[in-house]
Amino acid sequence: MYGRGAEPARRPQAASAAPDEVGYRGPAACAAAGITYRQLDYWARTGLVEPSVRANGSGAQRLYGSHDVVVLKIVKRLLDAGVSLQSIRTAVRHLRAAEPADLRRMTLISDGATVYECTSSDEVVELLQGGQGIFGIAVGVVWSDVQAALAQLHAERIDTGETLVGQNAADELARRRSRAG
């Protein structure tokens, strides 16, 4: 019910904005990347992975883009594999500079000390011929996993701050709000 001259209450809308028009708050970024909020906060404070949409400042909440969340998930995998923080920082700079289309075609290979970008099977074979134990991360698969996870979560429009409701059928409160609007 609206009073005279009152603005209608903004209802969360179903997520339907382009990826570069939305951001994800910390809890959503954590859920999609498979990390804890404590990790996210630490990585942002130390500059390992900072939000590209909106950083902290004057009470503003951090907003992470989908590209950021892909980088977060890759950082988690590299750390879990024992890759050095120095190598991870170098990889993060490279990942942040890459275009989304390039990321989807990229494979990261690491021997535990260094992270290499491979864009062809020949490059992977060349690294394997070195005889060292290595592991790989197919960035395109990570990208797809993150996009699927983010589609289930709430986002925020960058321009208006409007909440966009994810497609998570288990989110009863969000469904009720959408129906009421």
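Calculation criteria
- Residues numbered from 1 in each chain as written.
- Predicted model: local features only at pLDDT ≥ 70, side-chain atom pairs only at ≥ 80, totals over all residues.
- Heavy atoms only, no water.
- Core = buried A, V, L, I, M, F, W, Y, C linked by side-chain atoms within 4.5 Å.
- Buried < 20%, exposed > 50% of the residue type's maximum accessible area, 1.4 Å probe, protein only.
- Helix = DSSP H or I, 4+ residues; strand = E, 2+ residues; numbered from the N terminus.
- Contact = heavy atoms within 4.5 Å.
- pLDDT = per-residue confidence, 0-100.
- Pairing = 2+ DSSP bridges.
- Axes fitted to C-alpha atoms, helices over the stretch in contact; angles between N-to-C directions.
- Polar contact = N/O pair within 3.5 Å; in protein donor to acceptor, adjacent residues only side chain to side chain.

Undergrad: Please explain the nonpolar core as it appears in this structure.
TA: Buried together is how nonpolar side chains tend to be arranged in soluble globular proteins. In this structure, Val-69, Leu-72, Ile-74, Val-75, Leu-78 and Leu-108 are the most contacted members of the largest nonpolar core, which totals 39 residues. With seven residues, the top contributor of residues to this core is helix 3 (residues 66–80). Excluding its chain neighbours within four sequence positions, the residues that come into contact with Val-69 are Ala-29, Ala-32, Ala-33, Tyr-64, Val-146 and Leu-150.

Undergrad: Can you walk me through the confidence of the model for the chain in this structure?
TA: The predicted coordinates of low-pLDDT regions are not to be read in fine detail. Looking at the chain, the pLDDT average stands at 81 and 78% of residues meet or exceed 70. Per-residue pLDDT stays below 50 along residues 1–15; that stretch engages in 22 contacts with residues further than four places along the chain or on separate chains.

Undergrad: Please clarify how the sheet that holds strand 5 (residues 135–138) should be interpreted in this entry.
TA: What holds strands together in a sheet is hydrogen bonding between their backbones, with the strands either parallel or antiparallel. Pairing is antiparallel across the open sheet formed by three strands, whose spatial order is 4-3-5. Edge positions in the open sheet fall to strand 4 (115–118) and strand 5, since each of these has one partner strand only. Neighbour-to-neighbour, the strand axes of the sheet open up by a mean angle of 25°, direction not taken into account. Bridge count between strand 3 (residues 107–110) and strand 5: four bridges; the pairing is antiparallel. Pairing of Thr-107 across the sheet is with Ala-138, part of strand 5. Sheet strands in contact with helix 6 (residues 121–128) are strand 3 and strand 4, and its direction is about 145° off that of strand 4.

Undergrad: How do you make sense of the environment of Phe-135 when you look at a structure like this?
TA: Here Phe-135 shows up in strand 5. Of the residues examined, Phe-135 reaches a relative accessible area of 25% and is grouped as partly exposed. For Phe-135 and Val-115, which are 20 residues apart along the polypeptide, the C-alpha to C-alpha distance reads 9.7 Å. Leaving out residues up to four positions away in the same chain, Phe-135 has contacts with Leu-78, Ala-81, Val-83, Leu-108, Ile-109 and Ser-110.

Undergrad: I keep staring at the side chain of Ser-110 and nothing clicks. Help me out?
TA: Residue placement: Ser-110 occurs in strand 3. A distance of 2.9 Å separates a polar side-chain atom of Ser-110 from the backbone oxygen of Thr-114. Not counting the four nearest positions on each side in its chain, Ser-110 is found in contact with Val-83, Val-115, Gly-133, Ile-134 and Phe-135.

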